[in-house]
Structure formats: structure tokens, C-alpha cells
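Breakdown of the fold
For reference, the chains in residue letters:
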Amino acid sequence: EDQVTQSPEALRLQEGESSSLNCSYTVSGLRGLFWYRQDPGKGPEFLFTLYSAGEEKEKERLKATLTKKESFLHITAPKPEDSATYLCAVRETSGSRLTFGEGTQLTVNP
Amino acid sequence: GAVVSQHPSWVICKSGTSVKIECRSLDFQATTMFWYRQFPKQSLMLMATSNEGSKATYEQGVEKDKFLINHASLTLSTLTVTSAHPEDSSFYICSADRGQGIRQPQHFGDGTRLSIL
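What this report covers is the structure whose coordinates are included nearby.

Cut-off values and rules
Residues numbered from 1 in each chain as written. Chains lettered and ligands numbered in written order. Predicted model: local features only at pLDDT ≥ 70, side-chain atom pairs only at ≥ 80, totals over all residues. Heavy atoms only, no water. Core = buried A, V, L, I, M, F, W, Y, C linked by side-chain atoms within 4.5 Å. Buried < 20%, exposed > 50% of the residue type's maximum accessible area, 1.4 Å probe, protein only. Helix = DSSP H or I, 4+ residues; strand = E, 2+ residues; numbered from the N terminus. Patch = residues over 30% accessible without salt bridge, like charges linked within 9 Å, V, L, I, M, F, W, Y side chains within 5 Å. Areas by Shrake-Rupley, 256 points an atom, 1.4 Å probe, with all protein chains shown as cover. Salt bridge = Lys/Arg side-chain N within 4 Å of Asp/Glu carboxyl O. Pairing = 2+ DSSP bridges. Contact = heavy atoms within 4.5 Å. Buried area = accessible area lost by both parts, 1.4 Å probe. Polar contact = N/O pair within 3.5 Å; in protein donor to acceptor, adjacent residues only side chain to side chain. Nonpolar A, V, L, I, M, F, W, Y, C, P; charged D, E, K, R; others polar.

On to the nonpolar core. One finds B:Trp35, B:Tyr58, B:Phe67, B:Ile69, B:Leu79, B:Tyr92 and B:Leu114 to be the most contacted residues of the largest nonpolar core, which totals 25 residues. Among the secondary structure elements, those contributing two or more residues to this core are strand S2 (10-13), strand S3 (19-25), strand S4 (32-38), strand S5 (44-51), strand S7 (67-73), strand S8 (76-81), strand S9 (90-97) and strand S11 (112-116) of chain B. Formed by 22 residues, the second largest nonpolar core is a distinct cluster that contains A:Val4, A:Leu50, A:Ala64 and A:Ala84.

Spelled out as C-alpha cells, the structure:
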């Protein structure tokens, strides 16, 4: 059974204080690892897709990386508007469903 | 970008009422749609996978007769919560899959907050 574990559960940063979120996964065959951002009362918003170890994707202050066992979401010089819950999900080779982690709730203080 | 519309965004109703939630893909045809449930401070739990023109596949522990799913077209899937009770109160979110290859992510609607009194 697929397992996705995110850490930390919650992270509080000062504006400009860079950090990383972790997503560890166990799947029989990875068909894709996805990062989403979710604001309160909203559905998840797609950020990145990663497929193979060593792959990296960047968007503004966010950078996602992937190894064979985990993915990191690096946040450089965050701003208060980056505050949200960040969700990691995996898709295994046998189907199209996603398995989500519990998320990391990020708060960036001004 | 891809847009998935979910309606209504919020519904309050009495116990015993049936509630229908619609999920539409606005700018692409969705071969597969998914329905999730999310409790406060928790992640998304997949309830069922809906394929156009066929019966939905439900996850273990999800009551098929309680949560009726219909995917009548490539742009519309509906979830009906039948005879809803307070324990069915939750945040329900749908997503749509373009089906254009493994690199395509699921695109999510903005969810429906269901409150049963």
C-alpha cells in the first residue's frame, strides 16, 4: 500500500527565512509525485509534478526536488502570502489515483 | 489553465435530506473524475473514482448507497449524499483528470462545505 509522510506538520517562519518541507513516500512504482498548495476553504492548487530521481522544478520562491525515497519543497525568502497548507501526493504505476500526505501547514509572519 | 468548477460551494440542510454536488471541467474533457472528503486539519481522503459512462469505483469503507456518483458526460460528475446525517458533514472536493498522459496532474474544484443539522 502506498504511503506518503510529510514533515513537519506545521512550520512557522519569519518573512525572508528560507526552509524546506519534506515528503517521504513508499510506492510499488512511482508514476509521479505532485505538490499542491491548499488555502483554507479552497481546493488544492497544482504546483509541480516530478517523475524521476534528480528532477527539479522551480516556480517563483518555490523549488521542488525528488530522490528515490523523498521529495523536498524548498521555500526561498518566503512572504506572508506563501502561508498555506502544502500537500504532497503520489501516483503509482498501476492506476491514476493519488495518495496524499497529511500536509504541512506553513505560516509566514511579516 | 485547467478549471474545475464545483457547485454549490456551501450547503446547510436538515438531517434526512439528500444533497447533490456537481463537478464540471470547464475547458477540457475529463475521462476520469475523483471525489474526496476532507475533515478539518486532515488531508484528502479519496472516496471514489468516476469514469464517464461506467460505474464508479468506491474506496474501501465508503458506502455506495449513501454516496451516489454519476458521471454522465466528459465534463460533469455528480455526487449525491443520500439521507444525509450530521456525521456526513464535511468538506467534499472533486478533481478531474485530463487523461492525456501520466504527466498531467489532477485539477481540483474549490470544494463544497456540507453541514447537516
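A grouping of B:Trp10, B:Ile12 and B:Leu117 is seen on the molecular surface, where their side chains present a nonpolar patch of about 390 Å² in accessible area. Looking at the element boundaries, B:Trp10 is found in strand S2.

To continue, consider the pairing of strand S3 (residues 19-26) of chain A. Residue and element names in this part refer to chain A. Pairing of strand S1 (residues 3-7) with S3 involves 5 bridges; the strand directions are antiparallel. Bridge pairing links Thr5 to Ser24 in S3. Bridge analysis of S3 against strand S8 (residues 70-75) gives 6 bridges, and the strand direction is antiparallel. Residue pairing for S8: Ser19 is matched across the bridge by Ile75.

So, about the interface of chain B and chain A. Taken together, the contact between chain B and chain A spans 21 residues of the former and 21 residues of the latter. Here chain B packs against chain A, burying approximately 1,700 Å² in sum over the two surfaces, 49% of which is carbon and sulfur. In this structure, the connection of chain B to chain A is made through 3 salt bridges. Here A:Arg91 and B:Asp97 are joined by a salt bridge, their closest N and O atoms 3.9 Å apart. Where chain B packs against chain A, one counts 5 residue pairs in polar contact (both at pLDDT 80 or more). Listed by contribution, the elements that provide at least two residues to the side of chain B that touches chain A are S4, S5 and S9 of chain B. Its residues assigned to classes, the side of chain B that touches chain A shows 9 nonpolar, 7 polar and 5 charged.

Function cannot be read off these values alone, since they describe shape.
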